[in-house]
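Structural features, examined
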Amino acid sequence: MKAFKVGFIALSKASWATPQIEGIRKSAVDSLKKLPYTIVQSDLLTTTAAEASEQCEVMRKQDVSAVIVLFTTFPVGAIIPVIAKELDVPIILFATPEKPQPGKVWAQNSFCGANMAVHTLRKLGRKCTFTFGTADNADEAVRKPLGVIKCLFDLAASKVGLVGGRVPGFYTSTCDEMLLRKTMGTEVEILDLLEVVETAKKLSDADAKKGEEAVRKTAACCNQRVENDIPPAGRLYAAFLQTAKKYSLNSFAIRCWPEWSDLYGIAPCSTIGMLNNDHFVTSCEGDVLGAVLMKMEASLSNGGIPFFADLISFEYDKNTAVLWHCGAAPSAICKNFAETELRQHARVDGGDKKGLVNEFPMKPGRITLAQLDEDNGGYRMLIATGTAIETEQIIHGNPLNVKFDCSVEKLVGTIMNEGFKHHYSAIHADVEKELIELCRWLDITPVVVK
């Protein structure tokens, strides 16, 4: 996967350039170097369309993924169309605050320059984002906009392994592969469930042992009834990692029932949790868009680990709702590691007969709940924020009780009246604004419940 590089162009009118204006450029560059990205920039102010074209050529050769355009002053109007034409990457317009200088001179007119630029870009059919702040704090001013653009970059580089297709009757898990590829750049690799099973069976003893040790480390204790299920679970985990390497995958959507217990003897739930622990986002029940949404939330939260869930109950008077899944949650987001337990599945083959799940309630904290859905030839996204509260093991699997910021009655009403899917992704972070901005870039309709 190629590196995420960021171009930087500082604009000024030649007649307005002074040592003070050059100081703004230098201050911004020094600040931007604090970011975890390679910054590609010129050591000069850009004052003409020709100079801008030269810089764009350098940035194309460096394969930048985004460009920040700083308005140290109001620029020559012909520069922005050059950048728009010659750099086919997302653009961040960055203006700085200012005050009248001695002699009542307005030395920069920075925001006005950005205002002219955004109009020009709109006329050219190019999206952009705007941010505002001091040059010496440029890293913080552009951090969130760049985070959204980095998410676009991550999605375009994503390849989801759909193992076995969707589960029976789950039309909620269907996915238009070409719409996904067109909108986000994400590729889907169709894989047969039996290929993973055969890979697991043919593992070397060393790889199998390594996988088994990894399984045991994901929980504090193990129900004695599942001791025999841990070795095959270790093989399955290792097999998925080998499959990911073979097909250059960075995500999975797994048809987790009904065949696994017959073909392999256990359910893949604990494996799904382990993959997510590894920041290898993996959804259940063959839900490709669920995996894509998890990737979005993980990227926007700077590496957070999402929880793929159903919404199973709610209490209007307490304004709470319970998110849950059957035991595939990543133990990295458990409430208390001492409470984690590897046990048999509560539902497979009638329940408590075959493994393997990792059972625990999840940790409290701020969360963002989202749901990504195909709609009228495009996409829509349900978004709601809340606070996960202390949750006990009220049900087998992985429960999380959430007190929402919006009315839970309104949330449930929106879901049911608008016909949203029953699969959600929750992340322990407040990324509502970032998801809304991502929707703008991708032409996804945001449905924000307030």
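The present account deals with the structure reproduced in this document.

The next subject is the nonpolar core. Soluble globular proteins tend to pack their nonpolar side chains together in the buried interior. Formed by 57 residues in total, the largest nonpolar core has its most connected members in Leu-146, Met-184, Met-296, Leu-372 and Met-381. When residues of this core are assigned to their parent elements, the largest contribution, 10 residues, is made by helix H5 (residues 138-156). Dropping the residues within four chain positions of it, Met-381 is found in contact with Leu-293, Met-296, Ala-370, Gln-371, Leu-372, Phe-420, Leu-435, Cys-439, Ile-444, Thr-445, Pro-446 and Val-447. Judged by nonpolar contacts, the second largest core, of 42 residues, contains Val-196, Phe-240, Tyr-264 and Ala-267.

What follows concerns the pairing of strand S18 (residues 424-427). Both faces of the sheet carry side chains from a regular strand, because those side chains alternate between them. Burial along S18 is two-sided: the face carrying Tyr-424 and Ala-426 and the face carrying Ser-425 and Ile-427 are both buried. By the bridge criterion, 3 bridges tie strand S11 (residues 307-315) to S18 in an arrangement that is antiparallel. Of the residues in S18, the one forming a bridge with Phe-308 is Ser-425. Where strand S15 (residues 365-375) meets S18, 3 bridges bridge the pair, whose relative direction is antiparallel.

Next up on the list: the sheet that holds strand S8 (residues 221-222). Pairing within the open sheet is mixed, and its 3 strands lie in the order S8-S13-S14. Two strands lie at the open edges of the sheet, namely S8 and strand S14 (355-359), each paired on one side alone.

A few words now on the pattern of salt bridges. Applying the stated criterion across every chain yields a total of 27 salt bridges. Across the pair Glu-212 and Arg-216 runs a salt bridge whose closest N-O atoms are separated by 3.4 Å. One end of the pair, Glu-212, and the other, Arg-216, are both in helix H8 (residues 205-217), 4 residues apart, so they sit about a helical turn from each other. With relative accessibility at 16%, the residue Glu-212 sits in the buried group. Of the charged contacts in the structure, one is a salt bridge between Glu-227 and Arg-216, with a shortest N-O distance of 3.0 Å. Of this pair, Glu-227 sits in the loop between S8 and helix H9 (230-247) while Arg-216 sits in helix H8; the two residues are 11 residues apart in sequence, bridging distant segments of the chain. Residue Arg-216 is classed as partly exposed on the basis of its relative accessible area, which comes to 35%. One connected set of salt bridges, linked through shared partners, spans Asp-139, Glu-140 and Arg-143.

Turning to the environment of Arg-166, a few remarks are in order. Relative to the helices and strands, Arg-166 resides in the loop between strand S6 (159-163) and helix H6 (177-184). Assessed through its relative accessible area of 28%, Arg-166 is described here as partly exposed. When the C-alpha positions of Arg-166 and Ala-141 are compared, they lie 42 Å apart, and in sequence the two are 25 residues distant. The residues contacting Arg-166, other than those within four sequence positions of it, are Tyr-171, Ser-173, Thr-174, Arg-255, Glu-285 and Gly-286.

Looking now at the packing of aromatic side chains. The description of an aromatic ring pair uses the distance of the two centres, along with the angle that the planes make with each other. With the rule as written, the count across this model stands at 10 aromatic pairs. Taking the centre distance of 6.2 Å and the plane angle of 40° together, the rings of Phe-240 and Trp-260 count as tilted. With a gap of 20 residues between them, Phe-240 in helix H9 and Trp-260 in helix H10 (residues 260-263) connect regions that are remote in the sequence. By the burial criterion, Phe-240 is buried, and Trp-260 matches it. With centroids separated by 6.4 Å and ring planes inclined at 90°, the aromatic side chains of Trp-260 and Tyr-264 adopt a geometry described as edge-to-face. On the basis of relative accessibility, which here comes to 1%, the residue Trp-260 falls in the buried class. A relative accessible area of 13% places Tyr-264 in the buried class. Members of the aromatic cluster, each reached through a chain of ring pairs, are Phe-240, Phe-252, Trp-260, Tyr-264 and Phe-280. Taking NZ or CZ as reference, Arg-380 lies 3.8 Å from the ring centre of Phe-420, over its face.

Taken together, the side chains of Phe-111, Phe-130 and Phe-132 make up a nonpolar region of the molecular surface, amounting to roughly 300 Å² of accessible area. Looking at the secondary structure, you find Phe-130 in strand S5 (residues 128-132).

We now examine the environment of Leu-411. Of note, Leu-411 is situated in helix H13 (residues 408-418). With 90 residues separating them in the primary sequence, Leu-411 and Ala-321 have C-alpha atoms 9.8 Å apart. Sequence-distant contacts of Leu-411, defined by excluding residues within four places in its chain, comprise Leu-382, Ala-384, Phe-404, Cys-406 and Val-449.

The rules behind these values
Residue positions are counted from 1 within each chain, in the order its sequence is given. Local features in a predicted model are, by the rule used here, given only for residues with pLDDT of at least 70; side-chain atom pairs are given and counted only at 80 or more, and totals for whole chains, interfaces and linings are based on all residues. Hydrogens and water molecules were not included; the side-chain quantities draw on all heavy atoms of the structure. Residues belong to a common nonpolar core when they are buried Ala, Val, Leu, Ile, Met, Phe, Trp, Tyr or Cys residues joined through side-chain atoms within 4.5 Å. Note on classification: 1.4 Å probe, protein chains only; a residue is buried when its accessible area is under 20% of the maximum for its type, exposed when over 50%, partly exposed between these limits. Strands here are runs of E lasting at least two residues and helices are runs of H or I lasting at least four, both read from the DSSP assignment and numbered beginning at the N terminus. Two residues form a contact once any of their heavy atoms are found within 4.5 Å. In this analysis, strands are considered paired if DSSP registers two or more bridges between them. When a carboxyl oxygen of Asp or Glu lies within 4 Å of a side-chain nitrogen of Lys or Arg, that pair is called a salt bridge. Ring pairs are drawn from Phe, Tyr and Trp, using the six-membered ring of Trp, whenever the two centres fall within 6.5 Å, and their geometry is named by plane angle: stacked under 30 degrees, edge-to-face over 60, tilted for the rest. Throughout this description, the term charge over a ring refers to an Arg CZ or Lys NZ atom that lies within 6 Å of the ring centre and within 35 degrees of the ring normal. Patch rule: a residue counts if its relative accessible area is over 30% and it has no salt bridge; like charges are joined within 9 Å, and nonpolar side chains (Val, Leu, Ile, Met, Phe, Trp, Tyr) within 5 Å. For the area figures, the Shrake-Rupley method with a 1.4 Å probe applies, and any residue is considered shielded solely by the protein chains shown.

By themselves, these are just geometric observations and shouldn't be taken as functional.
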